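As a plain string of letters, each chain reads:
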Amino acid sequence: MSFAIRRTTELIGATKWFLRRECRVLSTLPEKTEEPEKVVARKRSTGRRLFKNEAILESRHIYPEFLPDPNPKWRNSLREKLERADMLQRRSQIDIPEFYVGSILAVTISDPHAQSKTNRFVGICIERKGCGLRAEFTLRNVVDHQGVEVRYDLYDPTIQNIQVLRLEKRLDEKLFYLRDALPEYSTFPFDMDPEILPEGTPVPINPVQVKLKPRPWLERWERQDLKGVSNIEEHLKEKDRVRRELRKTPWEKYDLMKQYRKTIPIEDQNDIWDEVHNQLQQLQMAKKKTVRKRTFVTPKTQLA
Amino acid sequence: MANNLKILCTKLSKLRLDHIVTRSAVFTVKYRPPYWYQPKERVLSDEYLTQDNKKFIEEFINDRKNTQQELESPLVNGTFQISQQWNRSTRRVGLVARKIGNYPIWSKDGKKMQTTLLQVVDNHVIKYIPPEEFNPMKTTELKWREKRRLGCILVGSETIDPTTVTKDYTDLFSRVGMLPKKHLFRFMVSPEAALPTGTPLFASHFRVGDYIDVRAKTMDRGFQGVMKRWGFKGMPASHGVTKTHRRPGNIGAGGEKARVWPGTKMPGHMGNRWRTLRGVKILRINTKYNVIWTLGVAIPGETGAMCYLFDTVLPLRKLESSPPFPTYLPSNDELIEYYDECVHPFADRTLTFEET
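Owing to the predicted nature of the structure, the values given are computational and were not obtained by experimental measurement. (Residues numbered from 1 in each chain as written. Chains lettered and ligands numbered in written order. Predicted model: local features only at pLDDT ≥ 70, side-chain atom pairs only at ≥ 80, totals over all residues. Heavy atoms only, no water.)

*Asks:* How should I be thinking about the interface of chain A and chain B in this particular structure?
*Replies:* Accessible area lost upon the coming together of the parts serves often as the stated size of an interface. Counting residues at the interface gives 28 residues for chain A and 28 residues for chain B. Regarding the contact of chain A and chain B, the summed buried area is about 2,400 Å², with carbon and sulfur atoms giving 61% of it. Between chain A and chain B we count two salt bridges in total. Among the ionic pairs, Lys112(B) bridges to Asp153(A), the shortest N-O distance being 3.4 Å. Here chain A and chain B share nine residue pairs in polar contact (both at pLDDT 80 or more) between them. When residues of the side of chain A that touches chain B are traced back to their parent elements, those giving at least two are helix H4 (77–93) and strand S5 (159–166) of chain A. At nine residues, the largest contribution of residues to the side of chain A that touches chain B is made by H4(A). Split by residue class, the side of chain A that touches chain B holds eight nonpolar, eight polar and 12 charged. (Contact = heavy atoms within 4.5 Å. Buried area = accessible area lost by both parts, 1.4 Å probe. Salt bridge = Lys/Arg side-chain N within 4 Å of Asp/Glu carboxyl O. Polar contact = N/O pair within 3.5 Å; in protein donor to acceptor, adjacent residues only side chain to side chain. Helix = DSSP H or I, 4+ residues; strand = E, 2+ residues; numbered from the N terminus. Nonpolar A, V, L, I, M, F, W, Y, C, P; charged D, E, K, R; others polar.)

This is how it looks when you write it as structure tokens:
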């Protein structure tokens, strides 16, 4: 009996082996000779995919608000999806251009209390924060020797137009130190002409270093490791330098968990950009078309 | 001998039972849980199933799930007749929803409004218990009397794998021919608002612009001091104050009241209690994902918490016209998004104000 069972199992094993062979033959994959080539091909394809992915991942700098808040307490895939859909719908109505902290913008909003029912403000973007529909940015300017800052919601439907007058970055991620700097560093004329960069150039970084006014300051700038301030050492006492050394946290750049908690993992980002990228591209194409039309139209009006 | 007997008989006949001390064996029940309070969690053990058997079970469960998904609502296919019309005193069934987050939307006059998103996840009516059969615990007289005239509807949310829960819990559902649900909630309804088993409930059960009450468990904050729990002021940080910066201070007076009065605000456990937020306005409804946008961020619980949604009981915000009664019937002419008239949809043109 047991012999018979063993025989049958052997038979089954043989048939399985045969079937496997057969399948291999059917799939027409050569067994030994061309294996190394196949590996190379696979490597190439992954490399290409990575390259493509990197190109898509670059949009995290252009559209930072499409990435959700990394705090796991607030994550929910459905809510994020609905939020992104709403953002795209708003973007189909208004062109929200690419801009960074340090760029100079002109924002026109509809204002029920203004005389002409619209209000235009020009200023330098000193901060950009928030995820999803809560994304916001702050503009700063000096009007009549008085510093003015206006905070705008990026997806506010009362915003009629956002125009980038000068597209550039600064040396720091937040420019709050302009509040304590000399006023000429944050003064911009309201009738400034937009400076158009030739297509394909990378966003220039403005290496200007501002001069701070003497103390008192709004924050302890000396502790923040700022690159865009030139004269910070002039205003410091020995005590401040000692405190700065004591307060330094040089180990934090090695804290991998801290980095991880602050960022969205690359797999999640890929899902998000796969969902959004196409529509964003289409919106950009449409925008380019309208810009071309405008450039074509303007000389005619000048002639007339 | 006979004499003695006679004496005994006379004594016995004079015997009287006056004080009978009885100790009843029946104890009064302090709390009797309703029958659907069955333990749900099960210790998962290794079943030693073969791959084929595992696959078979998976297939079977998937089949059951699909058939349940495709089942038509008993209200549509005509097996259930709606007996009465809605009037102001009827109480409809509610929904079981999950809080999935907050984000701002803008109104037509350009104001930003914070909203809370509530997702109605896979809701089905499990059972209706008419008022005659429903036997609630006698609590306060008023509530109990009210419960006696109302029926009870069990609503389940989120179908789960029956092998992951106990048999007792699964039996609650399999007795009425349903698959077990992750959450099982109870709603008190008027008898005319009864619903048959297996009726799916959707977000369109409510309409845009209506007001609802939301009942959920608040965030669990653990054992907290008096400053966080009751908002006491504490004491100064300096100026000679030692060891008493966040303490409550005095908790009672002397004299006749030389004791701590009941109800004094003290440190203790904070949060994780059922709380109802009344009169929340619905601003927007998505029928594809069954999501409800409600005004404000005060809905109790953290993201992912489950909550009950009812028609509001506030007299000035109560429903005036008839809502979908007894619940919304699925139809083809439904839009994907519904907006309240005060809300500015993101797909609309940029808001502009005209001169008056």
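*Asks:* Looking at this model, I keep getting lost on the sheet that holds strand S2 (residues 118–129) of chain A. Mind explaining?
*Replies:* Sheet strands pair by backbone hydrogen bonding; their relative direction is either parallel or antiparallel. Residues and elements named next belong to chain A. Strand order across the open sheet formed by five strands is S4-S3-S2-S1-S5, with antiparallel pairing between neighbours. Among the strands making up the open sheet, the edge pair consists of strand S4 (146–153) and S5. Looking at each pair of strands side by side, their axes are set apart by 35° on average, direction ignored. Looking at chain direction, strand S1 (residues 104–110) and S2 are connected through seven bridges and run antiparallel. In the strand pairing of S2, Ile109 is matched with Asn119. (Pairing = 2+ DSSP bridges. Axes fitted to C-alpha atoms, helices over the stretch in contact; angles between N-to-C directions.)

*Asks:* For this particular structure, what's the right way to read the side chain of Ser59(A)?
*Replies:* Residues and elements named next belong to chain A. The residue Ser59 is located in helix H3 (residues 59–62) in this model. A residue is classified by how much of its surface remains accessible, and Ser59, at 5% relative accessible area, is buried. Contacts of Ser59, omitting those with residues within four sequence positions, involve Pro64, Trp273 and His277. (Buried < 20%, exposed > 50% of the residue type's maximum accessible area, 1.4 Å probe, protein only.)

*Asks:* Honestly, the pairing of strand S7 (residues 211–217) of chain B in this entry has me stumped. Any pointers?
*Replies:* In summary, the side chains of a regular strand alternate between the two faces of the sheet. All names here are of chain B. Relative to strand S10 (residues 274–286), S7 is paired through six bridges, and the arrangement is antiparallel. Directly across from Lys217, in S10, lies its bridge partner Trp274. Where S7 lies against strand S12 (residues 306–311), five bridges are found, and the strand directions are antiparallel. Opposite Ile212, over in S12, you have Asp311 as the bridge partner.

*Asks:* I would appreciate a short explanation of the pattern of salt bridges in the present structure.
*Replies:* Any two side chains of opposite charge can pair if their charged atoms end up close together. The tally for this structure, following the rule as stated, stands at 32 salt bridges over all chains. As a salt-bridge pair, Glu136(A) and Lys129(A) come within 3.9 Å of each other at their nearest N and O atoms. For Glu136(A), a relative accessible area of 14% corresponds to the buried category. One salt bridge connects Arg284(B) with Glu337(B), and the closest N-O pair in it is separated by 2.8 Å. Here Arg284(B) is found in strand S10, whereas its partner Glu337(B) is found in strand S13 (residues 337–339), with 53 residues between them in sequence. You can call Arg284(B) buried: its relative accessible area is 2%. Taken together, the shared-partner salt bridges connect Lys129(A), Glu136(A), Arg151(A), Asp153(A) and Lys112(B) into one network.

*Asks:* In this structure, what is going on with the pairing of strand S11 (residues 291–295) of chain B? I would like to understand it.
*Replies:* Residues and elements named next belong to chain B. Most of S11 sits out of view: four of its five residues are buried. Pairing between strand S2 (residues 112–120) and S11: five bridges, direction antiparallel. Counted as the bridge partner of Leu117 is Trp293 from S11. Sheet analysis places S10 next to S11, joined by four bridges and oriented antiparallel.

*Asks:* What exactly am I supposed to notice about unusual backbone geometry here?
*Replies:* The bulk of non-glycine residues show a negative phi, and the bulk of peptide bonds are trans. Cis geometry is found at the peptide bond from Arg215(A) to Pro216(A), where omega equals 5°. Here Pro216(A) shows up in the loop between S5 and helix H5 (238–247). Of the consecutive residues Phe325(B) and Pro326(B), the connecting peptide bond is found in the cis state with omega at -5°. Phi angles above zero are rare outside glycine, and Lys243(B) is one such case at about 60°. The residue Lys243(B) is located in the loop between helix H5 (226–230) and strand S9 (268–270) in this model. Taking the relative accessible area as the measure of exposure, Lys243(B) reaches 73% and is therefore exposed.

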